[in-house]
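Descriptive analysis of the structure
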Amino acid sequence: MPQVGLPAGTHPHTLRHAAITAALDAGAPLRDAQIFARHSDPRITTRYDRGRHNLDRHAAHLVSAYIAGGTEPA
């Protein structure tokens with residue numbers, strides 16, 4: 001296999017996870033990321049998202065801003 005300068009232990013599936021996470025982080029809707037990943041179910045795509053546990057993006061922030069009458073958080 002040719003050397004491409006990736007860290008040892010990097011597998012194609014690692015790159016797949018990274019691409020799906022990057023698409024979602026860039027603002028792609030889940031449905032578009034699902035189609036990009038060729039997943040039949042959006043729950044599969046969600047499992048690939050490495051940023052899904054990022055509490056800074058949690059929906060609770062949007063809900064609390066809405067209730068407080070403010071604008072959406074950045």
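Attention here is on the structure that accompanies the text. (Residues numbered from 1 in each chain as written. Predicted model: local features only at pLDDT ≥ 70, side-chain atom pairs only at ≥ 80, totals over all residues. Heavy atoms only, no water.)

Topologically, Gln-34 is positioned in helix H2 (residues 30–37). In this structure Gln-34 comes out as buried when scored by relative accessible area, which is 5%. Once residues lying within four places of it in the same chain are set aside, the contact partners of Gln-34 are His-39, Ser-40, Asp-41, Pro-42 and Thr-45. (Helix = DSSP H or I, 4+ residues; strand = E, 2+ residues; numbered from the N terminus. Buried < 20%, exposed > 50% of the residue type's maximum accessible area, 1.4 Å probe, protein only. Contact = heavy atoms within 4.5 Å.)

Before going further, it helps to examine the side chain of Thr-21. Relative to the helices and strands, Thr-21 is located in helix H1 (residues 12–25). The residues contacting Thr-21, other than those within four sequence positions of it, are Tyr-48, Asp-49, Arg-50 and Gly-51.

Taking 1.5 Å of rise per residue, 14 residues should cover 20 Å, and H1 covers 20 Å from first to last C-alpha, within 8% of that figure. Three or more residues of H1 are buried, namely His-17, Ile-20, Thr-21, Ala-23 and Leu-24. Viewed along the axis of H1, the buried residues span an arc of 160°, placing them on a single side of the element. Buried residues belonging to H1 abut H2 and helix H3 (42–48). Just downstream of H1 lies Gly-27, where phi reads positive at about 105°. (Expected span 1.5 Å × (residues − 1). Arc of directions from axis to C-beta.)

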